[in-house]
Structure formats: C-alpha cells, structure tokens
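# Remarks on the overall topology
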Amino acid sequence: MDQKAYEVNFDGIVGPTHNYGGLAYGNVASMRHGSTVSHPRAALFEGLKKMKLLSDLGLKQAVIPPHERPDFETLRRLGFHGNESAILERAARDAPEILASCYSSSGMWAANAATVSPGADTVDTRAHFTAANLVSQFHRSIEALFTSHILKAIFRDASAFAHHQPLPGSVHFSDEGAANHTRLCEDYGKPGLEFFVYGRRAFHGEDLRPTRFPARQSLEASAAIARLHGLDAAKCVFGRQNPHAIDAGVFHNDVIAVGNRNVLMYHELAYTDSEALLDELKRKFERLCNRELILIEVKESDVPVTDAVGTYLFNSQLVTVPDGSMRLVAPVESRENPRTASMVERIIAAYNPIEDAHFVDVRQSMQNGGGPACLRLRVVLTDRELALMHQGVLFSDDLYAELKQWGERYYREELHVGELADPGLAEESRAALDRLTHILQIGSVYSFQKTV
Ligand code: SUG
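Residues numbered from 1 in each chain as written. Predicted model: local features only at pLDDT ≥ 70, side-chain atom pairs only at ≥ 80, totals over all residues. Heavy atoms only, no water.

## Concerning empty space enclosed by the protein
- A full pass over the atoms with the stated rule returns seven cavities of 30 Å³ or more.
- For the largest cavity, the calculated volume is near 310 Å³.
- Taken together, 24 residues line the largest cavity, and the ones lying closest to its centre are Glu7, His181, Thr182, Arg183 and Arg378.
- Partitioning the lining of the largest cavity into residue classes produces 13 nonpolar, five polar and six charged.
- The wall of the second largest cavity is formed by 23 residues, among which Ala24, Asn27, Trp109, His139 and Asn368 lie closest to the centre.
- When the residues that make up the lining of the second largest cavity are grouped by side-chain class, the tally is six nonpolar, 15 polar and two charged. (1 Å grid on protein atoms, 1.4 Å probe; cavity = no way out; pocket = protein on both sides within 12 Å on 5 of 7 lines; lining within 4 Å. Points joined across faces, edges and corners; volume = space filled by probe spheres on them. Nonpolar A, V, L, I, M, F, W, Y, C, P; charged D, E, K, R; others polar.)

Written out as structure tokens, the structure reads:
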C-alpha cells in the first residue's frame, strides 16, 4: 500500500577539525587546497545556514553528528603507541598524511554515508540502509564503523528499519554510498526506480579505465546493495561513468548529474553507452511509475565538464517544495560562472518542474570538493517512520540557534594541518562532541564517552 512519505535531508554537521589535508586523489578541489588554512566555524555555519534554507522552504531536515576525530583507535592500529600526546607527536613527525586522515572531517559529506532504499521499493517494506565502506580513500574508509553505529542510533526500530553491514572492505566492493545512487519516482511514497552508477567492474576485464584518476565505485558493490535491499530488476538500472569525465575530476556521479522524482538532469558526457542507458531509464520508469521521465541534458558545448567540476552545478540539491514544484539549491560558484549561470536561467525558463534556484555559500566544503548535495543523505520516510526515528536530530529553529551557539563556543576560527599535533585540539574536539550528544539527546555514541 502506498503511504504518504517525505524526502528528509540528513546533513552531516561539519566537525570541529575541518581541515584541508589534500587527501582525496582525483578530487581536484581537495588536491588544490591541500595545506591551506581552513575555517571550521565558518564551515559549520555555512552548513547550518543551508539546512535553515531548506527547512524554511518547507522541507523536512535533520542532522547527522560528526565523527570522533582524531581517530586514536586507528592511529593505534597503525602502530602509534603511548599516551595520546605521544601518539600525535609521532604521527605528525613520521606520517603526517596518516595523522591528517585520522583528523579528517570528511564524514560531513553525508551523501557518501550510505545507500538508502525506502520501504516502497524493498521486498519487506522496511527502509534499508547500507553504510558505505568508502575503501577507495583511506581517510574515508575509517568512517564506515561510526556511520553504521549512528544510523542505527537514529533509525533504531527494527520493524521499520533494516541495517546491513558495510560491504567487505576490498576494492572489489568499493562503495561510495548515495553519491552514486539516485532514486526516481512519481511520488516519494510510491515504488521508485533506483539508478546505480559505477566507475569500474572489478571482476571482469577492464576495457574502460580512467587513465589519470581512480574510478571509486564498483559495479559489484552496487549490485550487492540492490540484492541486500531486496530490489527486483524492474526497479534497478546500473549505469557506468564515462572514464574521461572521471579523469576530468568527476569522482562521483553527483558531480555530473542530479535527479528528483520524475526529473533527471545530467551532463551529455556523464555516462558510457548513454543512449542505451537513458532508454532503459525511460522505459523502466514509465513502466513502474506510469508517467514520463523528464530528462534534462546539459551539452558540453553549453557547459564543458571542466566547468561542471569547477562550479559543481550538478551537485545542486533538486528538491520538491510543498506546492509540488521543484527548486535547485545550487552552489554560489555556479552563479559566478557565466556559462553555468546562464544554464540555470535556461533550465528555470524551460518547460519542466524546476521553477527557481537558490544559491548557497558552502565554500569551506567546496574547497574540499563537497557541494550542497554532498552534504546531505536523502532518506524517504513515511509518517510512521518519521515518528519512529530519533527525534533529537530533527532540525528546527531552536536547534539551529543552539548549534550556532555551540559552534561559537567550541569551534576554532582557523585551522592548518600543521596544528593537528596540538593535543589541545583533540581535547576541544571531544568537549564539542560530548556537548553535542546532549543537544541532540542521542546518548553516548562516541568511544570516548564509554566507561570501561
Ligand atoms: O571523498 N573530499 C571528499 C568530498 C566528497 C564529496 N561528496 C560527494 N561528491 N558526494 C571526497 O573526495 C577531502 C578531504 C581532504 O582533502 O582533507 C575529501 O575527502
């Protein structure tokens, strides 16, 4: 039975140790900004302001708390020992890249946290969650455990929510979560088509590898998730990223395409075998949803892939507001580039459901290659599921005010990777996260809060 359902955006709260480690090979913004000075408090506020905008647009909004950083457990597993000051000092001296990885605030890009299939699509009508293993980048692979833990703490009720372990930690099953997953539907509460995008096949002959940068998502990972979530073939399409686009900096599909309900906006060069793929998407969508899929193709001659990567136009959030029309929540960078700015105007003027654009400043995140869409995990929930999830993470004006005060108190204005050895930063980070668990009333989710 179809039920009324909402798309709820769960944004990752930017952590107090947000820094530019230059860690993400193939992500040109991260590579370019490595070792520059970051602004953790401004980054937090930018993210919160975006949430406030979506909430003011009448959308349901929630937060996911940051990961515990530094990750002392991983540092110990990698052979750094002694007390915490000694661990930080030795890691800073012998392996600064490991220290930066264990200090990364990359959990803020919640689009990579998990793949979520709503109950309307799954075999047992529960919402299914698979936390992403993120094995293609070391600093992100250490997110999977806490992500699993926090998703279970938020979506606890086993009659409504099913949680799967992250896929096995091998490059064969390299999984980047919802950044490569788009759900198309007529209405959120009705069955939808789940579009999985991968960059490579792990087990079969590799004919189409990018030559410069890594392809992160494997087909085998996407297929395993479809199996785990109990999605039948009529509800799935698997498409392959164009290796040339990956080489130009398109490390995730959400850097070159965005979809919502019956609309898919994508770049002409996003996929291989584009014609057959789009045909399959249209055919399956029409059969499943009884209506036409609206395809908005952006041509290379209008917006070259390099401009798509430079502005993150496609990393906009495409959302349906309460009057039923759609809005594009785009990064300010896409308004500053004349080609993408004019494309946004043309999309709004054309005959399609997108009626307006809102430009948001998330520059602190953008400088690490994360735009508006990277910062959120979309979770479709029915009224019943909404009532069953943990209520303390739901965004409101009160929570907004409280989180701003919290940031004023605990976040540094500036941070440089050279400061990561400072034991004071680790202390501050813990104090901030400890206070946050009280604000969100989520209990002792961090390892430093557990009593032995
Ligand atoms: O995995 N950047 C992230 C950005 C993730 C963007 N997410 C989506 N497209 N959905 C990444 O490349 C940079 C960290 C550093 O260099 O400090 C980083 O991890």
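## Quick look at the site of the ligand
- Near the ligand there are 22 residues, and of these Leu23, Ser30, His139, Asp254 and Cys374 occur at the shortest range.
- In the model, a nitrogen atom of the ligand is placed 3.0 Å from a nitrogen or oxygen of the Asn112 side chain.
- A distance of 2.8 Å is found between an oxygen atom of the ligand and a side-chain nitrogen or oxygen belonging to Arg216.
- Protein contact buries 100% of the 490 Å² of open area that the ligand shows by itself.
- Across the shell around the ligand, the residue classes break down as eight nonpolar, 11 polar and three charged. (Near = heavy atom within 4 Å. Polar contact = N/O pair within 3.5 Å; in protein donor to acceptor, adjacent residues only side chain to side chain. Areas by Shrake-Rupley, 256 points an atom, 1.4 Å probe, with all protein chains shown as cover.)

## Looking at the packing of helix 2 (residues 40-56) against helix 16 (residues 397-410)
- Running from N to C, helix 2 and helix 16 cross one another at 175 degrees; their axes reach a closest spacing of 10 Å. Taken together, the axis directions place helix 2 and helix 16 in an arrangement best described as roughly antiparallel. From helix 2, Arg41, Leu44, Phe45, Leu48, Lys49, Lys52 and Asp56 reach across to helix 16, where they touch Asp397, Tyr400, Leu403, Lys404, Trp406, Gly407 and Glu408.
- Taken together, the residues that form the contact of helix 2 with helix 16 break down as six nonpolar, one polar and seven charged. (Axes fitted to C-alpha atoms, helices over the stretch in contact; angles between N-to-C directions. Helix = DSSP H or I, 4+ residues; strand = E, 2+ residues; numbered from the N terminus. Parallel < 35°, antiparallel > 145°, perpendicular 65-115°, else oblique. Contact = heavy atoms within 4.5 Å.)

## Re the pairing of strand 7 (residues 193-198)
- Of all six residues in strand 7, six are buried, a share of seventy percent or more.
- In strand 7, alternate side chains face the same way, and those of Leu193, Phe195 and Val197 on one face and Glu194, Phe196 and Tyr198 on the other are all buried.
- Direction of pairing for strand 6 (residues 181-184) relative to strand 7: antiparallel, over a ladder of four bridges. The partner of Leu184 across the bridge, within strand 7, is Leu193.
- Two strands pair when backbone bridges link them, and strand 7 and strand 8 (residues 236-240) are joined in this way by five bridges, in the parallel orientation. Across the sheet, Glu194 pairs through a bridge with Cys236, a residue of strand 8. (Buried < 20%, exposed > 50% of the residue type's maximum accessible area, 1.4 Å probe, protein only. Pairing = 2+ DSSP bridges.)

## Let's talk about the sheet that holds strand 3 (residues 114-117)
- Ordered by their spatial adjacency, three strands build an open sheet running 3-4-5, and the pairing between neighbours is mixed. Of all the strands in the sheet, just strand 3 and strand 5 (161-164) have a single pairing partner and so form its edges. Going across the sheet, the axis of each strand differs from the next one's by a mean of 15 degrees, ignoring polarity.
- Examined bridge by bridge, strand 3 and strand 4 (residues 127-131) share four bridges and lie antiparallel to one another. Residue pairing across strands places Ser117 opposite His128, the latter belonging to strand 4.

## A few points about the packing of aromatic side chains
- Going through the model one piece at a time under the given rule, you end up with 13 aromatic pairs.
- Centre to centre, the rings of Tyr25 and Phe213 are 5.3 Å apart; their planes meet at 85 degrees, and the pair counts as edge-to-face. With a gap of 188 residues between them, Tyr25 in the loop between strand 1 (5-12) and helix 1 (28-33) and Phe213 in the loop between strand 7 and helix 8 (219-228) connect regions that are remote in the sequence.
- The interplanar angle of 10 degrees and the centroid separation of 5.3 Å between the aromatic rings of Phe146 and Tyr446 together place this pair among those described as stacked. Of the two residues, Phe146 is situated in helix 7 (residues 144-154) and Tyr446 in the segment after helix 17 (423-439); the sequence distance between them amounts to 300 residues.
- Feature note: the residues Phe10, Phe129, Phe155 and Phe161 constitute an aromatic cluster, connected by ring pairs.
- Lys60 extends its terminal NZ or CZ atom over the ring of Tyr6, reaching a point 4.6 Å from the ring centre.
- The lysine or arginine in question, Arg261, covers the ring of Tyr188, its NZ or CZ lying 5.2 Å from the ring centre. (Phe/Tyr/Trp six-rings, centres within 6.5 Å; stacked < 30°, edge-to-face > 60°. Lys NZ or Arg CZ within 6 Å of the ring centre and 35° of its normal.)

## Notes on the layout of surface pockets
- One number sums up the size of the largest pocket: a volume of about 640 Å³.
- Looking at the largest pocket, it is lined by 25 residues, and the ones nearest its centre are Asp71, Glu73, Thr74, Ile142 and Leu145.
- Listed by contribution, the elements that provide at least two residues to the lining of the largest pocket are helix 3 (72-77), helix 6 (138-141) and helix 7.
- Looking at the lining of the largest pocket, the element that brings in the most residues is helix 3, giving five residues.
- The class makeup of the residues in the lining of the largest pocket is 11 nonpolar, five polar and nine charged.

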